[in-house]
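Descriptive structure summary
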Amino acid sequence: MSDALPLRLVLASASPARRKTLQAAGIEPDVLVSGVDESVVVTDRAEDLCLELARLKAEAVLTRLRPGDGQRTLVLGCDSVLAFDGEIFGKPDDAADATRRWERMRGRSGVLHSGHCLIDIVGGRRAEAVASTVVHFAAISDQEIATYVATGEPLAVAGAFTIDGLGGAFVERIEGDPGTVVGLSMPLLRRLLADLDLRITDMWTKVAPGNQSIEPLG
């Protein structure tokens with residue numbers, strides 16, 4: 001490993017999709033929700049908005065942690081927004097808002113931006129960047145929109161859609177890293193770790209047969 005101390009990653013997000021993305025990539029994070037009020041950041045640039053919110057989330061969680069003996073702790077903040085028709089789409093306000101968005105988005109495309117801020121609790125070193133992916137939406141019917149919105153899924157996610165859930169059927173294709181659309185880009189995280197003189201492989205864990213335990217990889 002590139003550091004003598006074992007590594008701990010704290011994910012400053014309540015998103016199950018982000019946590020599952022890390023777990024699927026061999027990283028078992030701790031989760032600590034930031035509680036940041038997202039309305040405090042006002043900007044007309046989607047890239048600036050998602051990065052500033054990612055930064056605020058990581059910083060908010062950082063203040064609640066202390067350096068631990070025998071481990072090196074990193075905090076990862078993420079935030080995603082959809083840029084569409086010159087507007088910024090975060091989570092819809094309600095079902096009516098989600099419906100209006102889908103009526104506009106169907107058959108067209110937007111850009112999903114995900115900001116990432118990674119902070120090393122010791123010394124406060126940080127690395128941050130935005131990953132962006134073009135999303136092409138299917139020309140879905142009014143009935144499909146109504147049924148999808150009624151599930152509640154689009155109300156909980158930026159842009160009112162997912163690619164790893166029910167909404168995946170309504171995305172024709174993407175141009176870029178699919179992890180960006182889920183809300184966490186593993187290739188970008190690898191680069192951010194490198195900026196902090198770490199390797200993504202330093203974060204890997206493995207699950208024993210039968211999922212009985214998790215242990216660091218040798």
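Remember, predicted model here, so these are calculated numbers, not experimental data. (Residues numbered from 1 in each chain as written. Predicted model: local features only at pLDDT ≥ 70, side-chain atom pairs only at ≥ 80, totals over all residues. Heavy atoms only, no water.)

Notes on the environment of Pro-187
Note on placement: Pro-187 falls in helix α6 (residues 186–195). Taking the C-alpha atoms as reference, Pro-187 lies 25 Å from Phe-170; in sequence the two are 17 residues apart. (Helix = DSSP H or I, 4+ residues; strand = E, 2+ residues; numbered from the N terminus.)

Things to note about the nonpolar core
The tendency in soluble globular proteins is for nonpolar side chains to be buried as a group. Core analysis: the biggest nonpolar cluster contains 21 residues, and Leu-118 and Leu-189 have the highest contact counts within it. When residues of this core are traced back to their parent elements, those giving at least two are β1 (7–11), β3 (72–84), β6 (126–137) and α6. In this structure Leu-118 touches Leu-9, Leu-74, Val-75, Leu-76, Arg-125, Arg-126, Ala-127, Leu-189, Leu-192, Leu-193 and Leu-196, once residues within four positions along its chain are discounted. With 19 residues, the next largest nonpolar core counts Phe-89, Trp-102, Ala-138 and Val-181 among its residues. (Core = buried A, V, L, I, M, F, W, Y, C linked by side-chain atoms within 4.5 Å. Buried < 20%, exposed > 50% of the residue type's maximum accessible area, 1.4 Å probe, protein only. Contact = heavy atoms within 4.5 Å.)

Quick look at the pairing of β1
Of all five residues in β1, four are buried; the element is thus mostly enclosed. Two strands pair when backbone bridges link them, and β1 and β3 are joined in this way by five bridges, in the parallel orientation. Across the sheet, residue Leu-9 finds its bridge partner in β3, namely Leu-74. Pairing of β1 with strand β2 (residues 30–31), which is carried by two bridges, proceeds in the parallel orientation. When the bridges of β2 are listed, Leu-11 appears paired with Val-31. In this view, the connection linking β1 to its parallel neighbour β2 by way of helix α1 (residues 16–24) has right-handed handedness. (Pairing = 2+ DSSP bridges. Right-handed = clockwise from strand over helix to strand, strands pointing away.)

Shape is all these values report; function is a separate question.
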